[in-house]
Each structure stands twice: as structure tokens, then as C-alpha cells.
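Here is what each chain is made of, one letter per residue.
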Amino acid sequence: MFSLIRITESIRIPPHLFSEDRLRVLEDEVNRKFSNRVVEGHGQCIVLYDWLSIGEDRILYGDGATQTLVEFRMVVFRPMGGEVILARIRAVDATGIFLSLDFFDDIFIDKEDLQHPSTFEVEDNAWIWKYEENELYLYEFDYIWFKVLDVVFSQPGDKDAAEGRKSPMHIRGSIAGDGLGGASWWA
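Model, not experiment: these values are computed from the prediction. Counting restarts for each chain, with residues numbered from 1 along the sequence as it is written. For a predicted model such as this one, the threshold for reporting local features is a pLDDT of at least 70, and the threshold for listing and counting side-chain atom pairs is 80 or more; totals across whole chains, interfaces and linings nevertheless cover every residue. Derived side-chain values reflect all non-hydrogen atoms in the structure, with water molecules and hydrogen atoms excluded from consideration.

**Structural notes on the side chain of E71**
Inference 1: Helix and strand definitions follow DSSP, with helices as H or I runs of at least four residues and strands as E runs of at least two, each counted in order from the N terminus. Mapped onto the elements, E71 comes out in strand β4 (residues 66–77).
Inference 2: In protein, a polar contact means a hydrogen-donor-capable atom and an acceptor-capable atom, both N or O and within 3.5 Å, with residues adjacent in sequence counting only if both atoms are side-chain atoms; elsewhere, any N or O pair within 3.5 Å suffices. At 3.1 Å, the side chain of E71 forms a polar contact with the side chain of R6.
Inference 3: Contacts are residue-level and defined by heavy atoms, with any inter-residue pair within 4.5 Å sufficient. The contacts of E71, once residues within four sequence positions are left out, are R6, I7, T8, W51, L52 and S53.

**Let's talk about the packing of aromatic side chains**
Inference 1: Stacked, tilted and edge-to-face pairs are distinguished by plane angle, under 30 degrees for stacked and over 60 for edge-to-face with tilted covering the rest, among Phe, Tyr and Trp rings (Trp via its six-membered ring) whose centres lie within 6.5 Å. Summed over all chains, the structure comprises eleven aromatic pairs.
Inference 2: Ring centres of W129 and W185 lie 5.3 Å apart, and the angle between their planes is 35°; this geometry places the pair in the tilted category. Of this pair, W129 sits in strand β9 (residues 126–131) while W185 is found in the segment after β13 (181–182), placing the two residues 56 residues apart along the sequence. Take W129 and W185: they sit in the same class, and that class is buried.
Inference 3: Here the aromatic cluster, defined as three or more aromatic residues joined through ring pairs, consists of F2, F77, F103 and F104. Each residue's exposure class comes from its accessible area (1.4 Å probe, protein chains only) as a fraction of the maximum for that residue type: buried when under 20%, exposed when over 50%, partly exposed otherwise.

**Brief notes about the sheet that holds β9**
Inference 1: When DSSP finds at least two bridges between two strands, those strands are taken to pair. Here three strands make up an open sheet; going across it, the order is β8-β9-β10 and the pairing antiparallel. The open sheet has two edge strands, β8 (118–121) and β10 (134–138), and neither has a second partner. Each adjacent strand pair in this sheet contributes to an overall mean axis angle of 30°, direction not counted.
Inference 2: Examined bridge by bridge, β8 and β9 share four bridges and lie antiparallel to one another. By the bridge assignment, S118 is partnered in β9 with W129. Note on geometry: axes are C-alpha line fits, over the in-contact stretch for helices, and angles between N-to-C directions span 0 to 180 degrees.

**Focus: the sheet that holds β4**
Inference 1: Spatially, the four strands line up as an open sheet ordered β1-β4-β3-β2, and their pairing is antiparallel. Since the sheet does not close on itself, it has two edges, and those belong to β1 (2–13) and β2 (38–39), each with one partner.
Inference 2: In this sheet, β4 lies alongside β1 in antiparallel orientation, the contact comprising twelve bridges. Bridged to R6 within β4 is R73.
Inference 3: This element, helix α1 (residues 22–34), spans β1, β3 (43–59) and β4 of the sheet and lies at about 135° to β3.

**Some points on the pairing of strand β5 (residues 84–93)**
Inference 1: With five bridges connecting them, β5 and strand β11 (residues 143–153) associate as antiparallel partners. Bridging from a neighbouring strand, I85 pairs with F146 of β11.
Inference 2: Where β5 meets strand β6 (residues 96–100), five bridges bridge the pair, whose relative direction is antiparallel. Bridge pairing links D93 to G96 in β6.
Inference 3: In this antiparallel pair of consecutive strands, β5 and β6, the connection spans two residues.

**Describing the pattern of salt bridges**
Inference 1: The salt bridge definition used is simple: a Lys or Arg side-chain nitrogen within 4 Å of an Asp or Glu carboxyl oxygen. By the definition in use, this model includes ten salt bridges.
Inference 2: Linking R32 and E29 is a salt bridge whose minimum nitrogen-to-oxygen distance equals 2.0 Å. A residue pair is termed a helical-turn pair when its members lie 3 or 4 positions apart in one helix, as R32 and E29 do in helix α1 at three residues.
Inference 3: Among the ionic pairs, D50 bridges to R73, the shortest N-O distance being 2.5 Å. In this pair, D50 is assigned in strand β3 and R73 in strand β4, connecting sequence segments 23 residues apart.
Inference 4: A relative accessible area of 27% means that R73 is categorised as partly exposed.

**Digging into a nonpolar patch on the surface**
Inference 1: Exposure above 30% relative accessible area and the absence of a salt bridge qualify a residue for a patch, where like charges join within 9 Å and nonpolar side chains (Val, Leu, Ile, Met, Phe, Trp, Tyr) within 5 Å. Each accessible area is a Shrake-Rupley estimate made with a 1.4 Å probe; only the visible protein chains count as cover when residues are assessed. Taken together, V84, L86, Y143 and W145 make up a surface patch of nonpolar side chains, about 360 Å² in accessible area.
Inference 2: Counting residues per element, the ones that place at least two in the nonpolar patch are β5 and β11.
Inference 3: With respect to the helices, strands and loops of the structure, Y143 is situated in strand β11.

This is the structure in C-alpha cells:
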């Protein structure tokens with residue numbers, strides 16, 4: 001689910017930060033620049049892990065700030081296909097279920113990837129799995145176990161059809177299987 005990637009980048013340090021601890025400023029600038037951003041093909045950056053190299057500061061003409069070439073490893077979030085994750089339902093509608101991990105919200109389970117047979121109940125705003133003689137509900141804010149089907153990286157300008165907005169990375173999941181679905185179902 002989490003991995004390390006290697007990044008080489010030139011980091012700008014503005015003059016008002018020159019009196020601060022250099023490593024702390026570089027760390028803050030790297031985290032500000034990369035945290036919560038998606039690196040295509042790798043995943044969503046979480047936090048700086050460690051430094052591999054830190055170059056000398058260079059002052060660029062007319063800028064006053066320094067540029068420092070750094071190489072570092074970053075913790076990124078990118079689950080693998082087949083991985084099972086506990087998430088919170090952030091919304092439900094007739095198309096499926098939208099999930100959140102609190103730090104990542106672009107997870108969708110299509111109605112075809114729910115337990116069978118499942119139906120959407122408009123009045124309750126919930127998905128219901130009819131299992132033998134029981135009706136098991138999935139409401140907004142419930143926790144569920146889901147399996148990752150795939151991670152999709154969008155090109156700039158693509159639209160996430162389910163959300164109607166640009167999304168650089170989204171996860172398609174499923175709860176069709178034993179042990180998947182509402183966390184309370186399997187307790």
C-alpha cells in the first residue's frame with residue numbers, strides 16, 4: 001500500500017528563511033511541494049522519508065532566493081491490485097459507493113462490484129445486500145473492507161466520470177467476495 005520512490009528536484013528557498021535551520025527548511029519545502037500530490041505512475045505522495053543527497057545552494061541572478069538540488073525518497077500511497085483495505089463510506093448513490101481513507105478520497109465501487117444481490121434503497125440512501133434471510137445495509141460513514149481492483153492514473157484534461165472532476169489518480173474497488181463489505185458484517 002505504501003512504498004518509497006526516489007525523486008531529484010531543485011528546491012527554492014526564499015531569503016526570509018535563510019536564518020532558519022537549512023535541513024528543516026528543505027524538508028518543509030519538499031513536503032509543501034510534494035505532499036498530497038500524485039506522481040503519475042507512482043501514487044500519492046505522503047511525506048519525505050530521507051535524504052539521499054543535498055547539493056550546494058545556488059543564488060540565481062535577479063531572484064535572491066537559493067536553489068538547491070536534492071535527491072530524496074518519498075513515501076507514496078499506491079495500493080496493489082488484490083489488496084484488501086478498510087475504508088469509510090463517504091457517499092452512496094445508485095451508481096455505487098464512494099470511499100475515503102481520510103488522506104485519499106478517490107475510491108469508487110461500481111454497483112456491479114457489490115455483493116450479489118444488492119439493491120439501492122433511495123429512501124434510506126443505502127445499498128442493501130440480501131444474504132439468505134438477512135438484509136445487510138451499507139450507509140454513509142460506515143466502515144467497509146474492500147479489495148482493490150486497479151489504480152488508474154488520468155492524463156491532464158481527463159475527467160473522472162463518476163465525480164465529474166479531474167482526478168489524477170483513482171482506485172476502483174470491489175466488495176464482491178467473502179470477508180468484504182461492511183466491517184460489522186464479519187465481526
